[in-house]
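# Geometric and topological summary
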Amino acid sequence: MTAAAMIAAEGLRVRYGGRTVLEDVALRLERGEFAYLIGRSGSGKSTLLSLLYRELVEFEGSLEVAGRPLRDYPRHELRRRIGVVFQSYELLEDKTVFENIAMAGEVRGMASGPLRQEIPTLLKRVGLDGRERDYPAQLSGGEQQRVAIVRALIGKPELLLADEPTGNLDAQTASGVLGLLRELQRETGMAMLVVTHSRELLDAFPATAWEIDEGKVRKHEYRELLR
Amino acid sequence: MNIANYYVKEAWKGVRRNAGASAASAALILAALLVMGLLLMARAGLAGVSHYLHAQLEIKVYVEEGIDSARVADILAEQPFVASASLQTGEQLLEQLQSFFAGKPYLLEAFRDGALPDAVVLVLKEAEDMEFAAQELSRMDGIQQVVYPQELAQQLVYWSGLLQSAGLAVLAFLLALAFMIVFLAIRLALYQRSKEIRLKLLLGARAGHVRGQFLLEGAVVGLAGGAGAALVLSALGLAVKRRLTEAYGEILSLDGPAIVVLALLVALAGPILAAAASYAAVRKRIRDA
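Analysis parameters
- Residues numbered from 1 in each chain as written.
- Chains lettered and ligands numbered in written order.
- Predicted model: local features only at pLDDT ≥ 70, side-chain atom pairs only at ≥ 80, totals over all residues.
- Heavy atoms only, no water.
- Helix = DSSP H or I, 4+ residues; strand = E, 2+ residues; numbered from the N terminus.
- Rg over C-alpha atoms; globule rule 2.2 N^0.38 Å.
- Contact = heavy atoms within 4.5 Å.
- Lys, Arg positive; Asp, Glu negative; His and termini not counted.
- Charge placed at Lys NZ, Arg CZ, Asp CG, Glu CD.
- Buried < 20%, exposed > 50% of the residue type's maximum accessible area, 1.4 Å probe, protein only.
- Areas by Shrake-Rupley, 256 points an atom, 1.4 Å probe, with all protein chains shown as cover.
- Domains from an automatic or database assignment.
- Pairing = 2+ DSSP bridges.
- Axes fitted to C-alpha atoms, helices over the stretch in contact; angles between N-to-C directions.
- Core = buried A, V, L, I, M, F, W, Y, C linked by side-chain atoms within 4.5 Å.
- Buried area = accessible area lost by both parts, 1.4 Å probe.
- Salt bridge = Lys/Arg side-chain N within 4 Å of Asp/Glu carboxyl O.
- Parallel < 35°, antiparallel > 145°, perpendicular 65-115°, else oblique.
- Left-handed = near helix turned anticlockwise from the far one by under 90°.
- Nonpolar A, V, L, I, M, F, W, Y, C, P; charged D, E, K, R; others polar.
- Patch = residues over 30% accessible without salt bridge, like charges linked within 9 Å, V, L, I, M, F, W, Y side chains within 5 Å.

### A short note on the overall build of chain B
Looking only at helices and strands, chain B features ten helices and four strands. Across chain B, helices and strands are ordered from the amino to the carboxyl terminus as α-α-β-α-β-α-α-β-α-β-α-α-α-α. Relative to a compact globule of 289 residues, whose C-alpha radius of gyration would be 19 Å, chain B shows 29 Å and is clearly more extended. Counted over contacts in chain B with a minimum sequence separation of 6, partners at least 24 positions apart contribute 84%. Taking the average location of the 25 positive side-chain charges in chain B and that of its 25 negative ones, the two points are 34 Å from each other.

This is the structure we're talking about:
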């Protein structure tokens, strides 16, 4: 019996403000798979992600996460299975790097002992060794995004959603961050869905891409992207 | 338990972060609960004083000028409701006042200058006869004034009733103000920390836990105010009781342990009031989906 897909959408439809944002979307992300979600600005990429982490709740059709209908999940339970990385990093300015990351563990009930061991290890992995006591204002954009990635990973999620994680970064830094995400995905075996509109990143790190255009979705295999 | 520890720590951090608002809220809660405690204490204490006064058997009669007080005492001693009658001269009264105003001779001077009248002191057979006796004595020729404790008790009850009503109005105002201050302080905290709250929910925190953090914040502030009121109330109550007991014996129906219990109830009222205000502030702002 094959394991259920990490994300399985069928006939997905979202309307708000009198506009149909997503129309008859069918999308499937397998466990351990890395894929992109691409499309023009306003095409519905962030809407789909918002559905997945229950920021947005109204939809029609079928949407499952880890084999379970999304509507069956209590919000906090779903969000503990999913890590999210945002374009704007969403770090708290008045908390240190350590505190920003620890918050993700604390709301899940993780004890301070394991957090004190795990956080420095993860920070070292992403190239921020010894930066626990810095504040976000003391970090560059790329460094802040790496902190946000560590925060998303602290709960060992099965799925990581990255909403334009490189949107605020220069090309070189963006490439570094996406490369890090690919490496971490391979190391941890989690499924990962990255929203981007950067052609350069697709070329640099080819993978399956789901393209949203006028509310509908089309799948591109990575060979197609390389062309 | 880890989650509980986390939110207790977060609540404490929140109180410190808004130290000014927290202090103002605690002060207002202290004031409101102090008024409440004083009203309760006065009500309970006065009941005992009133009872004490009602139980007194002594009545003083002042005769008109020119009438022989000793002769009046002999006549009144034969009244059916009188157990005994004695004469208290002006000089004897002055001696009593000397001990009453001990250490404050300047207060006694005014009484020395004037001549204090003689009084006939009657001890009645039954306390229940007091009203009847006072009316009868007032109607008698030659009697200028009748003074009895129950009249004082009636005045005490009347004025304490007025004070209670005014006190309740002040209390209601202070409680409403304290509730509103805590409500606004928590709303301000919600606004200031909206990003943090959103982030916690995005990271998988339960909405109930996040709401609980703010309820705890309110409760901490309420406990500070309530504890302060309880301390002041205990000290005041015990001091007043000691002075009154030294002067008049056990006339208060409120004893030491009862004062302490009352103070503890006041202390508890603080966090309850503040938590209720916090709940009203966060109720619709942090929700589960």
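Moving on from the coordinates now.
### Focus: the overall build of chain A
Scanning chain A for helices and strands turns up eight helices and ten strands. For chain A, whose C-alpha radius of gyration is 17 Å, the value lies close to the compact-globule estimate of 17 Å for 227 residues. Across its three principal axes, chain A shows a C-alpha extent of roughly 45 × 40 × 40 Å. Evaluated residue by residue, chain A yields a buried proportion of 53% over its 227 residues. Taking as baseline every contact in chain A between residues at least 6 positions apart, the subset at least 24 positions apart corresponds to 68%. Element-wise, carbon and sulfur atoms account for 46% of the exposed surface of chain A, whose accessible area totals about 10,100 Å². Side-chain charges of chain A comprise 32 positive and 34 negative groups, with the mean position of each set lying 3 Å from the other.

### Comments concerning the domain arrangement of chain B
Each assigned domain of chain B is listed with its residue range as follows: domain 1 (2-53 + 154-282) and domain 2 (57-147). In this structure, domain 1 of chain B and domain 2 of chain B have C-alpha centres spaced 48 Å apart.

### Here we look at the environment of Leu201 of chain B
With respect to the helices, strands and loops of the structure, Leu201 of chain B is situated in helix α8 (residues 194-202). When the C-alpha positions of Leu201 of chain B and Asp68 of chain B are compared, they lie 92 Å apart, and in sequence the two are 133 residues distant. Sequence-distant contacts of Leu201 of chain B, defined by excluding residues within four places in its chain, comprise Arg75 and Arg79 of chain A together with Arg206, Ala207, Val210 and Ile286 of chain B.

### So, the sheet that holds strand β6 (residues 82-86) of chain A
Residues and elements named next belong to chain A. An order of β6-β7-β8-β3-β9-β10 is seen for the six strands of this open sheet, with the pairing classed as mixed. In this open sheet, the two strands that pair with only one neighbour each are β6 and β10 (216-220). When strand polarity is set aside, the average angle formed by the axes of neighbouring strands in this sheet is 20 degrees. Two elements, strand β3 (residues 34-38) and strand β8 (residues 191-195), share four bridges in a ladder whose sense is parallel. Counted as the bridge partner of Tyr36 is Val194 from β8. Packed on one face of the sheet, helix α5 (residues 141-153) meets β6 and β7 (159-163) and runs near 170 degrees to β6.

### Structural notes on the nonpolar core
Ranked by size, the top nonpolar core spans 85 residues in total, and within it Tyr36 and Leu160 of chain A together with Phe214 of chain B carry the most contacts. For this core, the leading source of residues is helix α10 (residues 256-282) of chain B, giving nine residues. With near-sequence residues (within four places) excluded, Leu160 of chain A lies in contact with Gly83, Val85, Ala152, Leu153, Leu181, Met190, Ala191, Met192 and Leu193 of chain A. Core analysis: the next-biggest nonpolar cluster, separate from the first, contains 35 residues, Leu27, Leu37, Leu48 and Ala191 of chain A among them.

### Regarding the interface of chain B and chain A
It is common to give the size of an interface as the accessible area lost on bringing the parts into contact. Taken together, the 22 residues of chain B in the interface contact 23 residues of chain A. Overall, the association of chain B and chain A removes approximately 2,100 Å² of surface from exposure, summing both partners, and the carbon and sulfur fraction of that is 55%. Joining chain B to chain A, the criterion identifies three salt bridges. The partner of Arg17 of chain B in a salt bridge is Asp94 of chain A, with the nearest N and O atoms 3.4 Å apart.

### Quick notes on helix α3 (residues 97-106) of chain A
With seven of ten residues buried, α3 of chain A is to be regarded as a mostly interior element. If you check which residues of α3 of chain A are buried, you get Val97, Asn100, Ile101, Ala102, Met103, Ala104 and Gly105 of chain A. Of the surrounding elements, those touching the buried residues of α3 of chain A are α4 (112-125) and α5 of chain A together with α1 (2-17) and α8 of chain B.

### Focus on the packing of α1 of chain B against helix α9 (residues 207-248) of chain B
All names here are of chain B. Remark: α1 packs on α9, axes separated minimally by 8 Å, with the N-to-C direction vectors making an angle of 50 degrees. One finds that α1 runs oblique with respect to α9. Considering only the axes of α1 and α9, their crossing is right-handed. Contact residues: α1 offers Ile3, Tyr7, Val8, Glu10, Ala11, Trp12, Gly14 and Val15, while α9 offers His209, Val210, Gln213, Leu216, Glu217, Val220 and Val221. Within the contact of α1 with α9, the residues separate by chemical class into ten nonpolar, three polar and two charged.

### Things to note about a nonpolar patch on the surface
Residues and elements named next belong to chain B. A cluster of nonpolar side chains, contributed by Leu38, Val232, Leu236 and Val240, occupies part of the molecular surface with about 280 Å² of accessible area. In terms of residue count, α9 provides more of the nonpolar patch than any other element does, three residues in total. In this fold, Val240 is placed in helix α9. Relative accessible area serves as the criterion here: at 43%, Val240 is assigned to the partly exposed category.

### Quick word on the pattern of salt bridges
Inspection of the entire model under this criterion finds 25 salt bridges over all chains. Where Glu211 of chain A meets Arg218 of chain A, a salt bridge forms, and the shortest distance between an N and an O atom there is 3.8 Å. With a closest N to O distance of 3.1 Å, Lys13 of chain B and Glu10 of chain B form a salt bridge. Note that Lys13 of chain B and Glu10 of chain B are positioned in helix α1 at a spacing of three residues, about one turn of the helix.

### Focus: the side chain of Thr166 of chain A
Structurally, the position occupied by Thr166 of chain A is in the loop between β7 and α6 (171-188). In this view, Thr166 of chain A contacts Ala174, Val177, Leu178 and Leu201 of chain A; residues no more than four positions away in its chain are not counted.

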